[in-house]
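# Reading the structure
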Amino acid sequence: MVKRTARRTFLRLLTPLLALAVLFGVSMSPAHAATWSTSDKWGQWSTGGYTLYNNIWGSGAGYQSMWANSHSNWGTWANHPNTGGIKSYPNAKRVVNRNLNQLSSLNSNFDVSVPQAGAYATAYDIWDTSYNHEIMLWMNWHGPVGPLGTYQTRVSVGGHTWDVYRGSNGHNNVYSFLRTSHTSAASVDVLSVLRWIAGRGWIRSNEPIGDVQFGYEITSSAGGLDFTTRQFGVSYS
């Protein structure tokens, strides 16, 4: 009876604490034990040649925290309201800074755990050095989200089959590759994708490639959702 009474007392104390955590946006994620964490909207951390960036850039955003043990082991707890418009893109990036025609390889791999709720896309964001061209590789997504622009074609390149869209956000060109089946773990031959785009005449064959980013483009995550990266890396030569 003593043990049961103590357990009931513990649960009565714990329940309001959990409720307060959700109400005030306190993450119950691994951030508390991580090497680095932040809830600053522009919080960032550089490690091992990569930069991790909390990146809460959209209007109407709620609370979001980011934690990391390394560039390949990190995650986000986000509590954004159930409204339209992208709120954030927590990500890890590696800077390449090589002309496309000077690259002999550019590859990446990832392994993630994502919720089956909210509205988001797990996506690569690849840029030229002038940020005139944005190449998005959508690996999985949930809820009412979609690419910019108009449908172009279906293509198998870089180890995957994609539906390709082309458009502009008013600041830069956007080329979106939506994987025809969702995945939470894969390797991508990014160079082959970039060469395919250049072959269409959308970017130059010697386009300077800047950042390879990977993360979660979050539109809504009401009540608080966890996004976890178990593995991520970029290699090039």
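Residues numbered from 1 in each chain as written. Predicted model: local features only at pLDDT ≥ 70, side-chain atom pairs only at ≥ 80, totals over all residues. Heavy atoms only, no water.

## With respect to the nonpolar core
General note: in soluble globular proteins, nonpolar side chains tend to be found buried as a group. The condition that has to hold: We define a nonpolar core as any set of buried Ala, Val, Leu, Ile, Met, Phe, Trp, Tyr and Cys residues linked to one another through side-chain atoms lying within 4.5 Å. Each residue gets one of three labels from its accessible area relative to the maximum for its type: buried under 20%, exposed over 50%, partly exposed in between, using a 1.4 Å probe on protein chains only.
Of all hydrophobic cores here, the largest spans 47 residues; its most connected members are Leu106, Tyr124, Ile126, Leu137, Trp162 and Phe177. Ala121, Ala123, Met136 and Leu178 belong to the second-largest nonpolar core, a separate cluster that totals 5 residues.

## Describing the layout of surface pockets
Definition in use: Only protein atoms enter the 1 Å grid used here, on which a cavity is any set of points holding a 1.4 Å probe that cannot leave and a pocket is any open set flanked by protein within 12 Å on both sides along at least five of seven lines; residues with an atom within 4 Å of a point are listed as lining. Grid points are joined across faces, edges and corners, and a volume is the space filled by probe spheres set on the points. Only DSSP runs of H or I covering at least 4 residues are called helices, and only runs of E covering at least 2 are called strands; the numbering of each starts at the N terminus. Ten residue types, Ala, Val, Leu, Ile, Met, Phe, Trp, Tyr, Cys and Pro, are classed as nonpolar, four, Asp, Glu, Lys and Arg, as charged, and the remainder, Gly among them, as polar.
Of the volumes computed, that of the largest pocket is approximately 640 Å³. Along the walls of the largest pocket sit 29 residues, with Trp57, Asp125, Trp127, Glu134 and Glu217 positioned nearest its centre. Every element with two or more residues in the lining of the largest pocket is listed here: strand S3 (50-53), strand S6 (91-99), strand S8 (119-128), strand S9 (133-142), strand S12 (173-179) and strand S14 (208-220). Residues of the lining of the largest pocket, tallied by class, amount to 14 nonpolar, 10 polar and 5 charged.

## Observations concerning the pattern of salt bridges
Condition: One speaks of a salt bridge when a side-chain nitrogen belonging to Lys or Arg is within 4 Å of a carboxyl oxygen belonging to Asp or Glu.
One pass over the structure, following the stated rule, counts 4 salt bridges. Its salt-bridge partner being Asp111, residue Arg230 comes within 2.9 Å of it at the nearest N-O pair. Of this pair, Arg230 sits in strand S15 (residues 225-236) while Asp111 sits in strand S7 (residues 106-113), placing them 119 residues apart in sequence. One salt bridge in this structure joins Glu207 and Arg204, with 3.2 Å as the shortest N-O distance. Residue classification places Arg204 among the partly exposed residues on the basis of a relative accessible area of 47%.

## Brief notes about the sheet that holds strand S5 (residues 73-79)
We count it as follows: Strands are labelled as partners when DSSP assigns at least two bridges between them. Whenever a helix is involved, its axis is fitted only over the stretch in contact; in every case the axis is a line through C-alpha atoms, and angles between N-to-C directions fall within 0 to 180 degrees.
Spatial strand order, S1-S4-S5-S15-S7-S13: 6 strands in an open sheet with antiparallel pairing. Whereas interior strands pair on both sides, the edge strands pair on one side only; in this sheet they are strand S1 (36-38) and strand S13 (185-189). Put simply, the sheet's adjacent strands are angled 20° from each other on average, direction ignored. Taken together, the 7 bridges between strand S4 (residues 63-70) and S5 define a ladder with antiparallel strand orientation. Opposite Ala68, over in S5, you have Trp74 as the bridge partner.

## As for the packing of aromatic side chains
Filter applied, for reference: Working definition: rings of Phe, Tyr and Trp (its six-membered ring) pair if their centres are within 6.5 Å, and the pair is stacked with planes under 30 degrees apart, edge-to-face with planes over 60 apart, and tilted otherwise.
Tallied over the entire structure, the rule returns 20 aromatic pairs. Considering the side-chain rings of Phe214 and Tyr216, the 6.3 Å spacing of their centres and the 65° angle between planes classify their relative orientation as edge-to-face. With 5.2 Å between their ring centres and 15° between their planes, Phe214 and Phe232 make a pair best called stacked. Of this pair, Phe214 sits in strand S14 while Phe232 sits in strand S15, placing them 18 residues apart in sequence. When its relative accessible area of 0% is taken as the criterion, Phe214 is described as buried. On the accessibility criterion, Phe232 (0% relative accessible area) is buried. Ring pairing ties together the aromatic residues Tyr50, Trp74, Phe110, Tyr120, Tyr124, Phe214, Tyr216, Phe227 and Phe232, which thus form one cluster.

## Comments concerning helix H2 (residues 190-199)
Most of H2 is tucked away, with 7 of its 10 residues classed as buried. Among all positions in H2, only Val190, Leu191, Val193, Leu194, Trp196, Ile197 and Ala198 are buried. Of the residues one or two after H2, Gly201 is the one with positive phi, at around 85°.

## Details of the environment of Ala198
Selection rule: We call two residues contacting when some pair of their heavy atoms lies within 4.5 Å.
With respect to the secondary-structure elements, Ala198 resides in helix H2. Ala198 sits in the buried class, given a relative accessible area of 19%. Along the sequence, Ala198 and Leu100 sit 98 residues apart, while their C-alpha atoms lie 9.0 Å from each other. Once you skip the residues sitting within four places of it in the chain, Ala198 turns out to touch Leu100, Ile203, Arg204 and Ser205.

## Concerning the environment of Asn132
Counting through the fold element by element, Asn132 comes out in the loop between S8 and S9. Owing to a relative accessible area of 39%, Asn132 belongs among the partly exposed residues under this scheme. If we skip the residues at most four places from it in the chain, Asn132 touches Asn172 and Asn173.

## Details of the pairing of S8
For S8, a buried count of 10 out of 10 residues is recorded, marking the element as mostly surrounded by other parts of the structure. Here S8 shows no split at all, with Ala119, Ala121, Ala123, Asp125 and Trp127 on one side and Tyr120, Thr122, Tyr124, Ile126 and Asp128 on the other all buried. Where S8 and S14 come together, 9 bridges link them in antiparallel fashion. Looking at S14, one finds that Ala121 is bridged to Glu217. Two elements, S8 and S9, share 8 bridges in a ladder whose sense is antiparallel. The residue bridging Ala123 from the neighbouring strand is Trp138, located in S9. In this antiparallel pair of consecutive strands, S8 and S9, the connection spans 4 residues, and Tyr131 shows a positive phi of 60°.

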